[in-house]
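# Structural features, examined
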Amino acid sequence: MNTLGRKPDWLKVRIAGGSNCAKMERMIEEKGLNTVCREALCPNIGKCWEHGRATLMILGRACTRGCRFCSVGSVSPVVPDVTEPERVAEAVRDMGLSSVVITSVTRDDLADGGAGIWAETIRRVRDMVPGVLIEALVPDFSGNLEAIKTVLDARPAIFGHNIETVASLYNEVRPGADYVRSLNLLACAHDEGFITKTAIMLGLGETESEVLDVMRDAVRAGVDIFFVGQYLQPTKAHVPVSRYVEPVEFEFYRKEGLKAGLNVVVSGPLVRSSYYSDEQDSFARERLHAHERAV
């Protein structure tokens, strides 16, 4: 049972509101789309939506994993909608986005884990919005290398997959997932020349040495961008928060991650894997432009 009491001041955020926020929500509803902003109860939804940023979630609202930290539902999934890639592309165009994060629920019920819909969505967004920076935040596809290759062939600008927590907590927090499998997925994308990104949450019971081990493992897997944020318990049925991590500790991990060899480390109480970062955006665009010049 969580007996931590009230959240500290650094975790208090304003409620979503404003004209642009309402416009974003209306547009997403009109296209019949889902966002991780709503489904995962993200504390940054007001800030991001007011600035015209959203993380679109494909392949439905039902996840087949049921991780104990996540508020996304785990009821029976629906048949993938083949019109979804087009609707996602239209939404990105109509929102006027220059960059977009696309993520999805885990679909272990599908032979390819949904990789085909993933690839088509990336392609349709790029075709409809030339020059848009696409960040793909993918599930692990149960380690299916063919499915991973299908997504990579669609050429997202950033290939992301969240490790979420330290290895010792996987059985408790991420049943059905595998720490080494997630690292191997990121290494696969790195070996293919992609900008790679991962994220973890603090406050699940991890130790400092375990967090530093994750950072070192990420560097060995070729990860470029690493996000660190505070875990917040969505409901009483989820894993309780072990502690609220102070901002000074997040700054410690930012510095240690850079020392370990990560290119970008964004670390703070309200940071989430899809959190917009100027530093990440600058790094990604510079890397992509360098690659274009090289070819």
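Refer to the structure above for everything that follows.
Residues numbered from 1 in each chain as written. Predicted model: local features only at pLDDT ≥ 70, side-chain atom pairs only at ≥ 80, totals over all residues. Heavy atoms only, no water.

### Comments concerning the pairing of strand 7 (residues 225–230)
Counting buried residues along strand 7, six of its six residues qualify, which places the element largely inside the surrounding structure. Note: strand 6 (residues 195–202) against strand 7, six bridges, orientation parallel. Residue pairing across strands places Leu202 opposite Gln230, the latter belonging to strand 7. Crossover strand 6 to strand 7 through helix 9 (residues 208–220) is right-handed. (Buried < 20%, exposed > 50% of the residue type's maximum accessible area, 1.4 Å probe, protein only. Helix = DSSP H or I, 4+ residues; strand = E, 2+ residues; numbered from the N terminus. Pairing = 2+ DSSP bridges. Right-handed = clockwise from strand over helix to strand, strands pointing away.)

### Section: the packing of aromatic side chains
By the definition in use, this model includes two aromatic pairs. Plain terms: the ring middles of Tyr170 and Tyr179 are 5.7 Å apart, the flat faces sit at 85 degrees to each other, and that makes the pair edge-to-face. The pair Tyr170 / Tyr179 is uniform in exposure class, with both members buried. Over the ring of Phe227 we find Lys197; its NZ or CZ atom is 4.0 Å from the centre of that ring. (Phe/Tyr/Trp six-rings, centres within 6.5 Å; stacked < 30°, edge-to-face > 60°. Lys NZ or Arg CZ within 6 Å of the ring centre and 35° of its normal.)

### Points about the layout of surface pockets
Taken as a whole, the second largest pocket encloses approximately 500 Å³ of empty space. Contributions of two or more residues to the lining of the second largest pocket are made by strand 4 (133–137) and helix 11 (278–294). The leading source of residues in the lining of the second largest pocket is helix 11, at six residues. When its residues are assigned to classes, the lining of the second largest pocket shows eight nonpolar, four polar and six charged. (1 Å grid on protein atoms, 1.4 Å probe; cavity = no way out; pocket = protein on both sides within 12 Å on 5 of 7 lines; lining within 4 Å. Points joined across faces, edges and corners; volume = space filled by probe spheres on them. Nonpolar A, V, L, I, M, F, W, Y, C, P; charged D, E, K, R; others polar.)

### Section: the nonpolar core
One recurring pattern in soluble globular proteins: nonpolar side chains tend to sit buried together. Among the nonpolar cores identified, the biggest contains 39 residues, and Val92, Val100, Trp118, Val125 and Phe159 are the most heavily contacted of them. For this core, the elements supplying multiple residues, two or more each, are helix 1 (19–30), strand 2 (55–58), helix 4 (84–95), strand 3 (99–104), helix 5 (115–128), strand 4, helix 6 (145–153) and helix 8 (179–191). When residues in this core are grouped by element, the largest group, seven residues, is from helix 5. Look past the residues within four positions of Phe159 in its chain and what remains in contact with it is Ala136, Val138, Ile148, Val151, Leu152, Leu185, Leu186, Ala189, Phe194, Ile195, Thr196 and Lys197. In this structure, Ala221, Leu232, Tyr253 and Leu270 belong to the second largest nonpolar core, which totals 35 residues. (Core = buried A, V, L, I, M, F, W, Y, C linked by side-chain atoms within 4.5 Å. Contact = heavy atoms within 4.5 Å.)

### Brief notes about the side chain of Arg107
Tracing the sequence through the fold places Arg107 in the loop between strand 3 and helix 5. One polar contact links Arg107 to Asp109, side chain to side chain, over a distance of 2.9 Å. (Polar contact = N/O pair within 3.5 Å; in protein donor to acceptor, adjacent residues only side chain to side chain.)

### Considerations on the side chain of Glu84
Relative to the helices and strands, Glu84 is located in helix 4. No salt bridge is formed by the buried Glu84, whose closest oppositely charged neighbour, Arg87, lies at an N-O distance of 4.8 Å. Among residues more than four places away in sequence, those in contact with Glu84 are Leu33, Met57, Ile58, Leu59, Gly60 and Ile117. (Lys, Arg positive; Asp, Glu negative; His and termini not counted. Salt bridge = Lys/Arg side-chain N within 4 Å of Asp/Glu carboxyl O.)

### Looking at unusual backbone geometry
Of note, Ser142 is a non-glycine position whose phi angle comes to about 55 degrees, a positive value. With respect to the element layout, Ser142 can be found in the loop between strand 4 and helix 6. A positive phi angle is found at Arg155, which is not glycine, with a value near 60 degrees. As for its placement among the helices and strands, Arg155 is situated in the loop between helix 6 and strand 5 (158–160).

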